[in-house]
Amino acid sequence: MNESVVVTGGSKGIGRAIVLKLASRGFRVISGSRTPIADIPAEFKDFISHFEMDVKNPSDHEKLVELGNSNNSQLRAFINNAGFSEWQPIENIDSTFLQEILETNLMGYFWGSKAAAHALKPGGSIVNISSLAARRGTPNNSAYVASKFGVAGLTQSMAKELGARGIRVNAVCPVLVETPGLMEALKEKNSPGKGAPDQFLSSFAQQQTALGRLPTAEEVANLVYFLLSDEASGITGQSINVDCGVLPN
């Protein structure tokens, strides 16, 4: 029987890199997002399918799991990745903005984890794509930081809850990764980029990292692949930084 992996938010940025990495390792990958993945390399097209979804809708996660267990496949892992960042000072945050960021970045991970927990077999994994924002607060970022701190708690609790069934749950915490979504967010005046994302990222890399550079989406995908593999069979309940040494621990 073939093994499948579900990735939410798999059409762009880090999610796309994860989808391509897992397809390159022979997994059947179901990408759940509002838009399909563009420009899939020809050698991976038979391994990747798209399901149009809204991560705020619990039933869409259930459908993803059903797709993962269809076509003579067994779901091996569920990757909660869909999310967005937007910097806003506390005085600008209203209920609409807060609800949108929490429903997408945190509640969406709850629904994905709940759906996956019913379908995964021993040896299966849930991997939550979190952020270095789960480690520390930053100005104008309270809503996003709160959502990612919540992902850390969800990861730890689900690891304890599902461990007896042989299911592992981990999180990956990238620092700033240059993706289209991040670059757009950094153009806003309330962001640390203040409309000059390239300059901000270059300065951050030089001043804040140990390696003098920022991680790539592919490096995040490499860690995701390791965490769902048998080589990581003793790792669960962890939030692991991919930050080029910004926050050693």
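Residues numbered from 1 in each chain as written. Predicted model: local features only at pLDDT ≥ 70, side-chain atom pairs only at ≥ 80, totals over all residues. Heavy atoms only, no water.

Put simply, the rule is: UniProt positions are given in the numbering used here, feature names are shortened, and annotations may be inferred rather than shown by experiment.
Its UniProt record, at the heading Sequence similarities (unreviewed entry), says of the protein chain: "Belongs to the short-chain dehydrogenases/reductases (SDR) family."

1. Examining the overall build of the protein chain
Rules: The secondary structure listing takes helices from DSSP runs of H or I that are at least 4 residues long and strands from runs of E that are at least 2 residues long, numbered from the N terminus. As defined in this context, the radius of gyration uses C-alpha atoms, and a globule is described by 2.2 Å times the residue total to the power 0.38.
Helices and strands together make up the secondary structure of the protein chain, namely 7 helices and 7 strands. For the protein chain, the N- to C-terminal ordering of α and β elements is β-α-β-β-α-β-α-β-α-β-α-α-α-β. Since a compact globule built from 249 residues should have a radius of gyration of about 18 Å, the 17 Å found for the protein chain is in line with a globular shape. Across its three principal directions, the C-alpha atoms of the protein chain cover 50 × 35 × 35 Å.

2. With respect to helix α3 (residues 95–119)
Inclusion rule: Helix span is expected to be 1.5 Å times the residue number reduced by one. The quantity called bend is, for any residue, the angle between two axes fitted respectively to the seven residues ending at it and the seven beginning at it.
With 25 residues, α3 should reach 36 Å at 1.5 Å per residue; the first-to-last C-alpha distance of 34 Å fits that figure. Where α3 bends most, at Glu103, the angle is about 40°.

3. Concerning the packing of helix α1 (residues 13–24) against helix α7 (residues 217–228)
Test applied: Comment: axis = line fitted to C-alpha atoms, over the contacting stretch for helices; angle = value between 0 and 180 degrees taken between N-to-C directions. Orientation labels follow simple angle bins: below 35 degrees gives roughly parallel, above 145 gives roughly antiparallel, 65 to 115 gives roughly perpendicular, and whatever is left gives oblique. Each crossing gets its hand from how the near helix is turned against the far one by less than a right angle, where anticlockwise is left-handed and clockwise is right-handed. Residue contacts follow a heavy-atom distance rule, with two residues in contact if any of their heavy atoms lie within 4.5 Å. Classes in brief: Ala, Val, Leu, Ile, Met, Phe, Trp, Tyr, Cys and Pro nonpolar; Asp, Glu, Lys and Arg charged; the others, Gly included, polar.
With their axes 8 Å apart at the nearest point, α1 and α7 run at an angle of 50° to one another. When the axes of α1 and α7 are compared, the pair comes out oblique. With respect to the hand of their crossing, α1 and α7 are arranged in right-handed fashion. Facing Gly13, Ile14, Ala17, Ile18, Lys21 and Leu22 of α1, the residues of α7 in contact are Ala217, Glu218, Val220, Ala221, Asn222, Val224, Tyr225 and Leu228. Here the contact of α1 with α7 is composed, by residue class, of 10 nonpolar, 2 polar and 2 charged.

4. A short note on the packing of aromatic side chains
As a reminder, the rule being used: Under the pairing criterion, centres of Phe, Tyr and Trp rings, with the six-membered ring standing for Trp, must be within 6.5 Å; the plane angle then separates stacked pairs below 30 degrees from edge-to-face pairs above 60, leaving the rest tilted. Ring-over charges, as used throughout, are those where CZ of Arg or NZ of Lys falls within 6 Å of the ring centre and within 35 degrees of the ring normal.
Inspection of the entire model under this criterion finds 1 aromatic pair. Sitting over the face of the ring of Tyr225, Arg25 holds its NZ or CZ atom 5.4 Å from the ring centroid.

5. Some words on the nonpolar core
The condition is simple: Buried Ala, Val, Leu, Ile, Met, Phe, Trp, Tyr and Cys residues form a nonpolar core when they are joined through side-chain atoms within 4.5 Å. Throughout this description, buried means an accessible area under 20% of the type-specific maximum (1.4 Å probe, protein chains only), exposed means over 50%, and partly exposed covers the range between.
In this structure, Ile18, Ile48, Ile79, Ile129 and Val172 are the most contacted members of the largest nonpolar core, which totals 54 residues. Beyond its immediate stretch of four places on either side in the chain, Ile79 contacts Val5, Val6, Val7, Thr8, Ile18, Val127, Ile129, Val224 and Leu228. Residues Val175, Leu176, Ala185 and Leu186 belong to the second largest nonpolar core, which totals 14 residues.

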